[in-house]
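Fold and geometry: a report
These are the residues of each chain, in order.
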Amino acid sequence: MEYCDILIIGAGAAGIAAARAAHGAGCTSVLLVDRKENMGGVLLQCAHHGFGPNLNGPEYTKKLLENFPKSIGWIPNVTVLSVSGDKRAILSGAGFGAKEVSFQQLILATGCREIPIGALPIAGTRPKGVYTAGQMQEMMNLYGFIPEGPVVILGSGDLGLVMAKQLAQTGLAVTLVEQRPECGGMVKNQRCLTELPIQLQCSTTISEVFGEKNLEGIMTVDGRYLPCKTLLIAVGLRPEREVIFGLENPDWLHLCGNCNAVHPMVEAVVNEGKRAGIAAWEKIRGSL
Ligand SMILES: Cc1cc2nc3c(=O)[nH]c(=O)nc-3n(C[C@H](O)[C@H](O)[C@H](O)COP(=O)(O)OP(=O)(O)OC[C@H]3O[C@@H](n4cnc5c(N)ncnc54)[C@H](O)[C@@H]3O)c2cc1C
């Protein structure tokens, strides 16, 4: 079984900051793992500006990774399946199947997950053309996918607005459906509603999806049928804590970033990551 002093699960902004802080404070045995190939987490798919001093997500990631110490252990393409109370984690990767890693302190930096259509009270079929907004952002910005319009986006929070802007800029007809009486999200993201021909329908939600093989349209609760070929679900994010399910808040566990609480701004995530890295190392030093 492999061993490290501090195991960090997730190499987004929080995990990178935690690894650097723990290493900078003196820990020589830090292991950072992520199921993706590259460090950066959700930042890598954010083509828009607004991170730190108005960088886009990949630019901000580059800044976070400047002079990243080579002595911090880094394993990409590895998913942590579970963590047990005796300080062991089970890792799964294409090259080695499954293996165990034991540790003294664990930093959970696994981000958050989107609420999918299956979790919503929406009737009808589940044809091709229905995605979460984050999935579409990843497909468009990392893999060059262009969806078919018209597009309906359920939810006008920041992620819904960011995607509405990007899709409208590609020339697709976009309608945002919002259950609250007014648009959500930050003012800077709401600007796309005046700058681009994006329709906003408030005080309503989607009741039914139509289409057998491919999406054909949706019905709103107030009886309006909107033809569409793409539907994005952007109704919220939930902290991702699956791997620590069943653990009762042990003193060797530190949560940071979006798995702790969903943060709208990356600076807060980075600061939480730094604090977690230092707290984990302080615990080890205190026990030496
Ligand atoms: C669409 C969107 C737009 C945003 N726009 C802005 C903006 O304009 N300005 C701003 O300041 N902030 C913005 N934010 C907020 C901020 O960028 C994010 O909150 C922050 O980057 C999240 O960092 P994180 O490390 O907590 O999570 P993530 O970046 O999600 O990283 C979590 C990592 O954990 C990995 N992981 C999860 N589970 C496992 C597992 N079991 N095993 C291995 N690896 C695992 C994932 O692969 C991922 O790489 C935005 C966020 C989103 C979602």
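Refer to the structure printed above.
Now for a look at the structure at hand. (Residues numbered from 1 in each chain as written. Predicted model: local features only at pLDDT ≥ 70, side-chain atom pairs only at ≥ 80, totals over all residues. Heavy atoms only, no water.)

1. Concerning the packing of helix α3 (residues 133-143) against helix α4 (residues 158-169)
At their nearest, the axes of α3 and α4 sit 10 Å apart, and the two run at 40° to each other. One finds that α3 runs oblique with respect to α4. Viewed along their axes, α3 and α4 form a crossing whose handedness is left-handed. Where α3 abuts α4, its residues Ala 133, Gly 134, Met 136, Gln 137, Met 140 and Asn 141 lie against Leu 159, Val 162, Met 163, Gln 166 and Leu 167. Looking at the contact of α3 with α4 residue by residue, the class counts come to seven nonpolar, four polar and no charged. (Axes fitted to C-alpha atoms, helices over the stretch in contact; angles between N-to-C directions. Helix = DSSP H or I, 4+ residues; strand = E, 2+ residues; numbered from the N terminus. Parallel < 35°, antiparallel > 145°, perpendicular 65-115°, else oblique. Left-handed = near helix turned anticlockwise from the far one by under 90°. Contact = heavy atoms within 4.5 Å. Nonpolar A, V, L, I, M, F, W, Y, C, P; charged D, E, K, R; others polar.)

2. Comments concerning the site of the ligand
In the region of the ligand, 32 residues are neighbours, and Asp 34, Val 42, Gly 50, Asn 258 and Val 266 sit closest. Considered on its own, the ligand offers 1,000 Å² of accessible surface; in the complex 93% of this is hidden by protein. Listed by contribution, the elements that provide at least two residues to the shell around the ligand are α1 (13-25), β3 (49-51), β6 (78-84) and α7 (266-287). Considering every element that reaches the shell around the ligand, the biggest residue donor is β6, with three residues. Here the shell around the ligand is built from residues that sort into 16 nonpolar, 12 polar and four charged. Both domain 1 (2-113 + 238-287) and domain 2 (116-235) contribute no fewer than three residues apiece to the shell around the ligand. (Near = heavy atom within 4 Å. Areas by Shrake-Rupley, 256 points an atom, 1.4 Å probe, with all protein chains shown as cover. Domains from an automatic or database assignment.)

3. A closer look at the environment of Thr 125
Here Thr 125 lies in the loop between β10 (123-124) and β11 (130-132). As a C-alpha pair, Thr 125 and Glu 212 span 87 residues in sequence and 6.6 Å in three-dimensional space. In contact with Thr 125, not counting residues within four places along its chain, are Val 209, Phe 210, Gly 211 and Glu 212. Only 2.6 Å separates the side chain of Thr 125 from the backbone oxygen of Gly 211, close enough to count as a polar contact. (Polar contact = N/O pair within 3.5 Å; in protein donor to acceptor, adjacent residues only side chain to side chain.)

4. Some remarks on the pairing of strand β1 (residues 2-9)
Burial analysis of β1 places six of its eight residues in the buried class, which makes it a mostly covered element. Examined bridge by bridge, β1 and strand β8 (residues 97-108) share seven bridges and lie parallel to one another. Following the sheet pairing, Ile 9 is matched in β8 by Leu 108. Bridging between β1 and strand β2 (residues 30-33) involves four bridges; their strand directions are parallel. What sits directly across from Leu 7, in β2, is Leu 31. (Buried < 20%, exposed > 50% of the residue type's maximum accessible area, 1.4 Å probe, protein only. Pairing = 2+ DSSP bridges.)

The analysis is restricted to geometry; functional conclusions fall outside its scope.
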